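# Structural overview
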Amino acid sequence: MSDKSRIEWCDATWNPVTGCTKISPGCKHCYAERQWPRFHGREWVDVPLKGQIAETYPEIPTVNIPRPFTHVMCHPDRLEQPLRWKRPRKIFVNSISDLFHEDVPDEFIARVFGVMAAAQHHTFQVLTKRPERMRNFLVNCAWWEGWVTHNGSPVEKAYRGNGIIVGSRQTGWPLPNVWLGVSVEDQSTADERIPLLLQTPAAVRWISAEPLLGEINVDRYLLSSYDKAAHDYQMLGAECRSDKLDWVVVGGESGPRARPMHPAWVRSLRDQCEARGIPFHFKQWGEYMPGLDASNEQIDAARTGGWVHQSGGFHDGNNADAFQGGDAHVLRAGKKSAGRQLDGQLLDEYPGVRPCAT
Ligand code: SF4
């Protein structure tokens, strides 16, 4: 966790949970897993013996091992951190884990929401690949009540029941300073996760399409059902229940085994957002950038290159049979050199916050 971040769309990261397990193709080269030995290599944990070994040695219930990435752990001692940061920040919650992982207890998630309710001066950006649990938790999880403390003193009563979590300061619901989002990487993960997100109460709903691994059509998620039915928002009092995306973030993969992103996939999402007036944020090209747009410096920086199919396949261009219509030439210039300009522009848009009912 850090009150500074190199992630382009946030100011700080806050990790009250660490560790995770992979659940989709976007997880394949997980950044958090790559960084794990650096930050957690010296932690040791007791884990139960399993399978044949457990049967052979029943007298040894646990073994002490270096903590693996898959060992999800909650850190109550980190809960107060945002309360200590006085300057308002955009805070990415759990940049190296998933708050809605099945190993995180409901009570701990409620405490995280309690802190977010207490720290109204910050904006919290929650991102998950487990939106079904997020929706169920925020809509119909069992009652929980507890105090958020700061320097050992209670500062906020966080509770949930009848589908709400609020602080004792009447912060309103959904919490206006919490943006809930899902990570998606292709059309199938988008169609699986976005509808669940849209069923979740949130002041702002967003997607992070990173690493973008295929073309995604999100047009139907950029228009609320109220828009579609041409209803009057004010008459329905429906601003906060507007069931559409409010923000789209896109990025390519970085790291040693990064998969290239077809430039047309990015342009398509940008154009869909522009057509519906939805804020669009282009985070990065990642390892690969469009060869056609490369400057001399970027060409010099490139270690290699190749061609990406619209379907996501990649080839080096040495075999004429490998070419398909729509292939794009990409250069492996590296994340830093590839940068984050799309057609000569930096696209750094952010959502406005809808007025919410209290
Ligand atoms: S959900 Fe996120 S943190 Fe967890 S394995 Fe996948 S990419 Fe990594």
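Relevant structure appears above.
Residues numbered from 1 in each chain as written. Predicted model: local features only at pLDDT ≥ 70, side-chain atom pairs only at ≥ 80, totals over all residues.

### Thoughts on the site of the ligand
The test is simple: Contact assignment follows one rule, namely that a residue is near a molecule or strand if its backbone-placed C-beta atom lies within 6 Å of it. Gly is placed with the polar residues, together with every amino acid not listed as nonpolar (Ala, Val, Leu, Ile, Met, Phe, Trp, Tyr, Cys and Pro) or charged (Asp, Glu, Lys and Arg).
Every residue close to the ligand is listed here: Cys20, Lys22, Cys27, Cys30, Ala32, Glu33, Ser97, Asp98 and Lys129. When grouped by side-chain class, the residues that make up the shell around the ligand number four nonpolar, one polar and four charged.

### Focus: the sheet that holds strand E15 (residues 288–290)
To keep things clear, this is the line we draw: When DSSP locates at least two bridges between a pair of strands, those strands are taken to pair. Secondary structure elements follow DSSP: runs of H or I of four or more residues count as helices, runs of E of two or more count as strands, with numbering from the N terminus.
Taken together, four strands build an open sheet; the order of strands is E15-E18-E16-E17 and the sheet is antiparallel. On the outer flanks of this sheet lie E15 and strand E17 (314–315), each paired with one strand and no other. The pairing of strand E16 (residues 304–308) with strand E18 (residues 328–332) spans five bridges and is antiparallel. Of the residues in E18, the one forming a bridge with Trp307 is His329.

### With respect to helix H9 (residues 263–276)
Counting along an α-helix, one turn takes 3.6 residues, and residues three or four places apart therefore face a common direction. Note the threshold: By this rule the span expected of a helix is its residue count minus one, scaled by 1.5 Å. Three exposure classes are used, all based on how many other C-beta atoms lie within 10 Å of a residue's own C-beta (placed from the backbone): buried at 20 or more, exposed at 12 or fewer, and partly exposed between those limits. Remark: residues whose backbone-derived C-beta atoms lie within 7 Å of one another are considered to be in contact.
Between its first and last C-alpha atoms H9 spans 21 Å; for 14 residues at 1.5 Å apiece the expected length is 20 Å, and the two agree. All of the buried residues in H9 are Pro263, Trp265, Val266, Leu269 and Cys273. In this fold, the buried residues of H9 make contact with strand E12 (204–209), strand E13 (247–251), strand E14 (280–284), E15, E18 and strand E19 (341–342). Just downstream of H9, Gly277 is the residue with a positive phi angle, here 70°.

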